[in-house]
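Report on the structure
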Amino acid sequence: MNMDAAPSSLWSDDAIWAASTVKFAVLFLDGDRTVHAANPAALVLAEKLAPGSGPESLVAMMSDEDWAESLRRGHWQGAVRPQSASPLSLEIHCGHAPNSAHCFMVVLDISERGERQRQYEELQRTVDRLASTQEQLLQSEKMASIGQLAAGVAHEINNPIGYVGSNLGTLQDYSTALLALVQKYHEAMFSEDPGARRDELLQARQRLDIDYIVGDLPNLLKESREGIERVTKIVQDLKDFSRVGRDQKMQPADLLQGLDSTLNIVWNDLKYKIRLEKHYGSLPPVECLASEINQVFLNLLLNAGQAIEQRGTIELASGCDDQEAWISITDSGCGIPPEALPHLFDPFFTTKPIGRGTGLGLAISYGIIAKHHGRIDVSSRVGQGSTFRVVLPIRQPRAEPPAPTA
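What you see is a predicted model; the values in this text were computed from it and never measured.

**Quick look at the packing of helix H8 (residues 255-270) against helix H9 (residues 290-307)**
Axis separation between H8 and H9 bottoms out at 9 Å; the angle between their running directions is 40 degrees. Viewed along their axes, H8 and H9 adopt a mutual orientation that is oblique. At the point where H8 passes H9, the crossing takes the right-handed sense. Here Leu255, Gly258, Leu259, Thr262, Leu263, Val266, Asp269 and Leu270 of H8 come into contact with H9, specifically with Ile293, Asn294, Phe297, Leu298, Leu301, Leu302 and Gly305. Residues belonging to the contact of H8 with H9 are distributed by class as follows: 10 nonpolar, 4 polar and 1 charged.

**Overview of the packing of aromatic side chains**
One pass over the full model with this rule turns up 1 aromatic pair. Here Phe345 and Tyr366 contribute two aromatic rings whose centre-to-centre distance is 5.2 Å and whose plane-to-plane angle is 35 degrees, an arrangement assigned as tilted. Placement of the pair is Phe345 in the loop between strand E10 (324-331) and helix H10 (361-371) and Tyr366 in helix H10, with a sequence separation of 21 residues. On the accessibility criterion, Tyr366 (45% relative accessible area) is partly exposed. If you follow Arg389 out to its NZ or CZ, it ends over the ring of Trp326, 4.0 Å from the centre.

**A closer look at the pattern of salt bridges**
Within the structure shown, the criterion is met by 11 salt bridges. Across the pair Asp211 and Arg205 runs a salt bridge, and its minimum N-O distance is 3.0 Å. For Asp211, a relative accessible area of 55% translates into the label exposed. For Arg205, a relative accessible area of 29% gives the class partly exposed. Overlapping salt bridges, with partners in common, bring together Glu187, Arg197 and Glu200 in one network.

**Regarding the pairing of strand E11 (residues 375-381)**
The pairing of E11 with strand E12 (residues 385-393) spans 7 bridges and is classified as antiparallel. Across the sheet, Asp377 pairs through a bridge with Arg389, a residue of E12. Hairpin connection, E11 to E12: the antiparallel pair is bridged by 3 residues, and Gly383 has positive phi, about 85 degrees.

**With respect to the environment of Arg389**
By the element assignment, Arg389 lies in strand E12. Taking the C-alpha atoms as reference points, Arg389 and Ile327, 62 residues apart in sequence, are found 5.7 Å from one another. If we ignore the near neighbours within four places in the chain, the residues touching Arg389 are Trp326, Ile327, Ser328, Arg375, Ile376 and Asp377.

**Regarding the nonpolar core**
Among the nonpolar cores identified, the biggest contains 37 residues, and Leu255, Ile293 and Ile314 are the most heavily contacted of them. Those elements giving two or more residues to this core turn out to be H8, strand E8 (286-288), H9, strand E9 (312-320), E10, H10 and E12. At 8 residues, the largest contribution of residues to this core is made by H9. Every residue in contact with Ile314, bar those within four places of it in the chain, is listed here: Leu270, Ile274, Arg275, Leu276, Glu277, Leu301, Ala304, Gly305, Ile308, Ile329, Thr330 and Asp331. One finds Leu29, Leu49, Ile92 and Val107 within the second-largest nonpolar core, a separate group that totals 20 residues.

**As for helix H2 (residues 40-49)**
Those residues of H2 lying buried are Ala41, Ala42, Leu45, Ala46 and Leu49. Looking down the long axis of H2, one finds its buried residues gathered within 135 degrees of arc, a one-sided arrangement.

**Describing the sheet that holds E9**
Two strands in a sheet stick together by hydrogen bonds in their backbones, pointing the same way (parallel) or opposite ways (antiparallel). Strand order across the open sheet formed by 5 strands is E7-E9-E10-E12-E11, with mixed pairing between neighbours. Strands with a single pairing partner mark the edges of an open sheet, and in this sheet they are strand E7 (274-279) and E11. The average undirected angle you get between the axes of adjacent strands in this sheet is 15 degrees. Both E9 and E10 contribute to a ladder of 7 bridges, which runs antiparallel. If you follow Leu316 over to E10, its bridge partner there is Ile329. Each of E7, E9, E10 and E12 is contacted by H8, which is oriented at about 175 degrees to E7, the strand it contacts most.

About the thresholds
Residues numbered from 1 in each chain as written. Predicted model: local features only at pLDDT ≥ 70, side-chain atom pairs only at ≥ 80, totals over all residues. Heavy atoms only, no water. Axes fitted to C-alpha atoms, helices over the stretch in contact; angles between N-to-C directions. Helix = DSSP H or I, 4+ residues; strand = E, 2+ residues; numbered from the N terminus. Parallel < 35°, antiparallel > 145°, perpendicular 65-115°, else oblique. Left-handed = near helix turned anticlockwise from the far one by under 90°. Contact = heavy atoms within 4.5 Å. Nonpolar A, V, L, I, M, F, W, Y, C, P; charged D, E, K, R; others polar. Phe/Tyr/Trp six-rings, centres within 6.5 Å; stacked < 30°, edge-to-face > 60°. Buried < 20%, exposed > 50% of the residue type's maximum accessible area, 1.4 Å probe, protein only. Lys NZ or Arg CZ within 6 Å of the ring centre and 35° of its normal. Salt bridge = Lys/Arg side-chain N within 4 Å of Asp/Glu carboxyl O. Pairing = 2+ DSSP bridges. Core = buried A, V, L, I, M, F, W, Y, C linked by side-chain atoms within 4.5 Å. Arc of directions from axis to C-beta.

Shape descriptors only; they carry no functional weight alone.
Here it is, written out as structure tokens:
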């Protein structure tokens, strides 16, 4: 290689100094692809590709077709496999002044970039697996909650189904009596002297107690309808609660409706020892995943009920300001010891006896609220009770658009 062969107008002292300071290979070539100058990085890369060779080896590794393409497009990227080294991924940029046969060739070793890309992709796959595992854990906790409440939910469904079944038996008796009376009216109407059978019809009406049936029938149907609606509501609440949120997007939702819906599911576990007080303030629709927020409400309601041994009160309240909405659940139970408060949201931490909980309820609740950019505030006094306050932004923060590039 003859460094002096480079025209000074194209390879000045400043250009030589600049090329010598960069970490990637820079070569100066003529139209025949003869190397006239190269920086130190080019010598290092050539030695890496083929020990004992010069910068010409960097040019020789490209076919005529690849070289023509790099000149036309200004860019070429590919892998080379030196005989005595591991394969390298190279990125080559070529450029020349108009009407000039001389050009600069810049060679970058992007092998490490490819390794970083592979590491990034592996990290992304790990994050995706963790997200999937977290979602499965949340769904498992939902199913565990429903399993724990199954007996109570079955009881809540069995009660209205029971009196609907009883009402249907009574309705069958009423319909038999009414059809019997209708038959007697039909026979009297088509007899030779319908008027003569008037007394017989009155006696049949009294015997069948038609006046009572007429008065009781509307109430019977009303009660049956209310029972079916009660069952429908419980089933719908269970369906909404157990829904998987993988593909759901955050949408405006009525938090108070979700709280009442969740309360409907757990009420059988609470109603025998709880006096419920509601102090709801009006709330705007809150942007969230409603099914996940309902999971938080369920965990907090169950904890509040379990904190009360005999009889007590659970107070539900809500409020908002311009930016945030909140719902609080206060119980008059045993309270939380001060030393336990810092660990409440740690996974598997529980103050309950064995068999009364997994220690995941509050940890999952904390994760859900954190994902919604909210918080859970806790205050408690031993022997007096606890308050859990769920605070959520009314609108989720929007991602900042990327800054325009110059």
